[in-house]
Amino acid sequence: MSAASCLRSEDQFLCSICLDVFTDPVTTPCGHNFCKNCINEHWNRNDQYLCPLCKKVFNIRPELHINTFISEMVSQFRQEAQQKASSSSSEQQAAKPEVPCDVCTGTKLKALKSCLVCLTSYCETHLEPHLTMSGLKRHQLMDPVENLEDRMCMKHDKPLELFCKTDQTCVCMLCSVLDHKTHEFVPLKEEYEGKKAELGKTEDEIQKMIQKRRLKIEEIKHSVDLSKEAADREKAEGVQVFTALKESVERSLNELIETIEEKQRTTEKQAEDFIKDLEQEISELKKRSPEVEKLSHSEDHLHLLQNFPSLKAALPTKDWTEVSVRPPSYEGTVVKAMAQLEETLSKQMKKLFEAELKRIQQYAVNVTLDPVTAHPNLNLSRNKKQVYHGDVMKNLPDNPKRFFPCPFVLGKQSLSSGRFYFEVQVKEKTEWILGVARESINRKGEITLSPQYGYWTIWLINGNEYSANSGPAVDLSLKTQPQKVGVFVDYEEGLVSFYDVDAAALIYSFTGCSFTEKLYPLFSPFTNCGGKYSVPLIICRVNQTK
């Protein structure tokens, strides 16, 4: 137990919210400890159930129970701290320097009191006159101190008994009626008590500042650890992906070379067969040539006529006129190989986006619509999860937060640090706008959708025209029409990304953004047009992709 006690420090038992030793310590699901009352008050004041240390967001408010182990450790720590403080106080008392008696000759005894009038320190024996003689009884005695001359007014040679609040200096009685007669005075003890109280507060503030900085160090270290884990994980995934890609490219290249070489081998085999047949025929013709020549010179009529049929029949009859070896066509071979490689890459990219989408879905926030910001024509569902445009304009009080005349509405939840993610169903809608906007955006009159004016959005118009409003707009070519759009924001990274959730594909990303104020989700279902665009935008519950 003694070894464990040596390893314990006050930092281990401090609540990062109140910066004091834990009271009723509880542990959140992410493993961090807080005072029960502190974390409950923190969650009551905020829209999100977020861990103050690691910033992890909980969709449902966690049920908290007292951590008995930490509670027992804190109790033991308090006892040890009290014992240590008591021991330290005794040591300080013992460490006070002894003031010798100024009257003693030879071996000087320890002084019991010092007289501010006599400017002398006395032991118990030599102090006796000051306790018994009426004239000396009026002298001011105090605990023994050295350098009594420093406690006397250098001008009037009187004890410094008062504090001049006007000049902030210690003075004697004569100073108060001569040099400082119009000033405000208090007894030294009174000013001492006040300054001592101030020092106590200063010490508390210093300790709190130290605690805050220690906790900040732990927070930074924790962030570095998380960053390292993420970096290692990303590197491992990158090595795996690019290794597979490299193997796929090498395999495709080998298949391409094999295809080309196989065609070449087929051509060479065909040519070899032709040459073999031709050489065989040449050989046969060479055999017949002498016989034909001999017969052609024969003068024997009967002999020539009798042998002519056999020699004529023995000649090869194959017509080689149309026979040729054509080089194989390689057109399209490389293109086909690249198409197959592209298909492989597309499958790999889909896996990557699925993994990325699964990671960012962990930052899902329970977004609801803020009716205070909604255009008067927008109708919100009772649970503030759906919005559509109605033809009838509601009679609502105008306020600086409400959009007009543009049919927009903001989410109630905001982000000023960290990450958040939400999903919106856009199924069957032919026009919509989604994204995020900073708090100080212009909400009245004409609105320009671009990052320059505080909007990071994409839209669909005319049923099939998708654009990112990056100022100027960027046309988006999508393979499929998204039925559900995911919106992800990384505040510190300056990133706003949009995803086709069902296809697990990236639609568009705003990168290198500089955020300096709160960001809010932004929605627009466009105008109703007599029921033509009445399908609502629906904020969906985020389900982790498989």
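Residues numbered from 1 in each chain as written. Predicted model: local features only at pLDDT ≥ 70, side-chain atom pairs only at ≥ 80, totals over all residues. Heavy atoms only, no water.

1. Concerning the sheet that holds strand E5 (residues 113-115)
With antiparallel pairing, the three strands of this open sheet are ordered in space as E6-E5-E7. The sheet terminates laterally at strand E6 (120-122) and strand E7 (141-142), the two strands that pair on one side only. With two bridges connecting them, E5 and E7 associate as antiparallel partners. Opposite Cys 115, over in E7, you have Leu 141 as the bridge partner. Sitting on the sheet, helix H4 (residues 124-132) is in contact with E5, E6 and E7, with an inclination near 110 degrees to E6. (Pairing = 2+ DSSP bridges. Helix = DSSP H or I, 4+ residues; strand = E, 2+ residues; numbered from the N terminus. Contact = heavy atoms within 4.5 Å. Axes fitted to C-alpha atoms, helices over the stretch in contact; angles between N-to-C directions.)

2. Some words on helix H7 (residues 188-296)
Here H7 spans 156 Å end to end across 109 residues, near enough to the 162 Å set by a 1.5 Å rise per residue. The largest bend in H7 is about 30 degrees, located at Arg 288, with the proline Pro 290 one to four residues further on. Of all the residues in H7, the buried ones are Glu 191, Gln 211, Leu 215, Val 241, Ser 248, Ser 252, Leu 256, Thr 267, Glu 281 and Leu 295. (Expected span 1.5 Å × (residues − 1). Bend = angle between axes of the 7 residues up to and from the residue. Buried < 20%, exposed > 50% of the residue type's maximum accessible area, 1.4 Å probe, protein only.)

3. Details of the confidence of the model for the protein
Looking at the protein, pLDDT values average 87 and 93% of them are 70 or higher. Averaged pLDDT values over the elements of the protein bottom out at 38 in helix H1 (residues 2-7) and peak at 98 in strand E13 (residues 409-410). Counting contacts from residues 1-7, a segment whose pLDDT is below 50, to residues more than four positions away or on other chains yields five contacts. (pLDDT = per-residue confidence, 0-100.)

4. Observations regarding the nonpolar core
Residues Trp 432 and Phe 523 are the most contacted members of the largest nonpolar core, which totals 36 residues. If we skip the residues at most four places from it in the chain, Trp 432 touches Val 426, Ile 458, Trp 459, Leu 460, Tyr 466, Val 485, Ser 524, Phe 526 and Leu 537. Membership of the second largest hydrophobic core comes to 17 residues, among which are Leu 14, Cys 35, Phe 58 and Ile 70. (Core = buried A, V, L, I, M, F, W, Y, C linked by side-chain atoms within 4.5 Å.)

5. Focus: the sheet that holds strand E11 (residues 378-380)
Two modes of strand pairing occur in sheets, parallel and antiparallel, and in both the strands are linked by backbone hydrogen bonds. Spatially, E11-E12-E23-E14-E19-E20-E21 is the arrangement adopted by the seven strands of the open sheet, whose pairing is antiparallel. In this open sheet, the two strands that pair with only one neighbour each are E11 and strand E21 (505-510). For this sheet, the mean inter-axis angle between neighbouring strands, taken without regard to orientation, is 20 degrees. Pairing analysis gives six bridges linking strand E19 (residues 484-490) to strand E20 (residues 495-500), with the strands arranged antiparallel. What sits directly across from Gly 486, in E20, is Tyr 499. Those strands touched by helix H9 (residues 333-360) are strand E14 (419-425), E19, E20 and E21, and its axis lies near 120 degrees from that of E20.

6. Some words on a nonpolar patch on the surface
A cluster of nonpolar side chains, contributed by Leu 174, Val 177 and Leu 178, occupies part of the molecular surface with about 250 Å² of accessible area. A relative accessible area of 49% means that Leu 178 is categorised as partly exposed. (Patch = residues over 30% accessible without salt bridge, like charges linked within 9 Å, V, L, I, M, F, W, Y side chains within 5 Å. Areas by Shrake-Rupley, 256 points an atom, 1.4 Å probe, with all protein chains shown as cover. Salt bridge = Lys/Arg side-chain N within 4 Å of Asp/Glu carboxyl O.)

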